[in-house]
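These are the residues of each chain, in order.
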Amino acid sequence: KAHASFDAYLSAQSAQNRALIRALRAFVARAQPGLVEGVKWGNGCWLLDGGPIAYVYSDKDHVQFGFLRGSALTDPDRRMLGNGQYVRHVKLRTGSDLDEKAFGAWLREAVRLGPVRLGRKKAAKKAGKKAAKKAAKKAAKKTAKRSTR
């Protein structure tokens with residue numbers, strides 16, 4: 001679901017998850033005050049120079065605090081979950097699951113690594129799809145106008 005802002009994302013979550021997200025929000029603001037809140041891919045995110053560093057995902061019984069470059073972060077205790085090429089997360093079910101020492105270290109490291117950027121090929125493909133969609137919409141409008149004459 002698309003949300004206009006982090007606040008809109010937050011208000012759409014369950015009461016239990018809102019409390020966890022508020023705790024994460026306060027933590028991130030203290031730990032990395034230079035990050036900007038936003039929404040990407042329907043989830044709350046913390047951005048640096050417009051690119052995502054970390055995200056929050058709200059599920060039925062937990063909240064995920066994750067990192068787009070999580071697989072590159074130091075995690076000797078293997079606390080982060082995920083087996084994809086890049087993204088890793090931790091699950092929070094209660095406020096006591098927020099480990100400020102570990103999360104702070106990951107957040108600092110993620111900021112040092114910098115935001116995720118779309119590769120040139122992906123960005124070009126995305127721009128091409130957008131342009132094609134716009135052209136199709138314009139053509140459909142023209143056709144609709146002709147048929148109403």
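Chains are numbered independently. Their residues run from 1 in the order of the written sequence. Confidence filtering applies because this is a predicted model: local features only for residues at pLDDT of at least 70, side-chain atom pairs given and counted only at 80 or more, and all residues used for totals across whole chains, interfaces and linings. By convention in this description, side-chain values take in all heavy atoms of the structure and omit both hydrogens and water.

The way it works is that DSSP assigns letters per residue, a run of H or I at least four long becomes a helix, a run of E at least two long becomes a strand, and they are numbered from the N terminus. Here, expected helix span is obtained from the residue count minus one, scaled by 1.5 Å. Across its 17 residues, helix 2 (residues 15-31) extends 24 Å between first and last C-alpha, which sits within 8% of the 24 Å expected from 1.5 Å per residue. Categorising residues by exposure relies on relative accessible area from a 1.4 Å probe, with only protein chains included: less than 20% of the type maximum marks a residue as buried, more than 50% marks it as exposed, and the intermediate range marks it as partly exposed. Listed as buried for helix 2 are Asn17, Leu20, Ile21, Leu24, Arg25, Phe27 and Val28. Buried positions in helix 2, seen along its axis, are confined to an arc of 165° and lie on one side of it. Across helix 2 from its buried face, at more than 90 degrees, point the exposed residues Ala15 and Arg30. Note: the arc covers the axis-to-C-beta directions of the helix.

With 14 residues, helix 3 (residues 100-113) should cover 20 Å at 1.5 Å per step; its first-to-last C-alpha distance of 19 Å lies within 8% of that length. Of the residues making up helix 3, those classed as buried are Ala102, Phe103, Gly104, Trp106, Leu107, Glu109 and Ala110. Elements in contact with the buried residues of helix 3: helix 2, strand 3 (51-58), strand 4 (63-67) and strand 5 (88-92). Within two residues after helix 3, Gly114 carries a phi angle of roughly 90°, on the positive side. Residues are treated as being in contact if the distance between any of their heavy atoms lies within 4.5 Å.

Right, let's talk about empty space enclosed by the protein for a bit. The gaps left among the atoms become clear once a water-sized probe is rolled over them. Buriedness for pockets is judged along seven lines, at least five of which must meet protein on both sides within 12 Å for an open set on the 1 Å grid over protein atoms alone, while cavities are sets there where a 1.4 Å probe fits but cannot get out, and lining residues have an atom within 4 Å of a point. Grid points are joined across faces, edges and corners, and a volume is the space filled by probe spheres set on the points. Scanning all chains against the criterion turns up 1 cavity of 30 Å³ or more. There is about 40 Å³ of room inside the largest cavity. Forming the walls of the largest cavity are Pro52, Ile53, Phe67, Leu68, Arg69, Ala110, Gly114, Pro115 and Val116. Asp, Glu, Lys and Arg are counted as charged, while Ala, Val, Leu, Ile, Met, Phe, Trp, Tyr, Cys and Pro are counted as nonpolar; the rest, among them Gly, fall into the polar class. Grouping the amino acids of the lining of the largest cavity by side-chain chemistry returns 7 nonpolar, 1 polar and 1 charged.

Reading across the sheet, the 5 strands line up as 1-2-3-4-5 and stay open at both edges, with antiparallel pairing between neighbours. Two strands bound the open sheet, and with one partner strand each, they are strand 1 (36-40) and strand 5. Here the strands of the sheet are splayed against their neighbours by 25° on average, with no regard to which way each runs. Whether two strands pair comes down to DSSP finding at least two bridges between them. For strand 2 (residues 43-48) and strand 3, the ladder comprises 5 bridges, and the chain directions are antiparallel. From the neighbouring strand, Leu48 faces strand 3, where its bridge partner is Gly51. Strands in contact with helix 2 are strand 1, strand 2, strand 3, strand 4 and strand 5; relative to strand 4, the strand with the most contacts, it is inclined by about 30°. Helix axes are fitted to C-alpha atoms over the stretch in contact, other axes to C-alpha atoms as well, and angles between N-to-C directions run from 0 to 180 degrees. Across the sheet, helix 3 lies against strand 2, strand 3, strand 4 and strand 5, angled at about 40° from strand 4, the strand it touches most.

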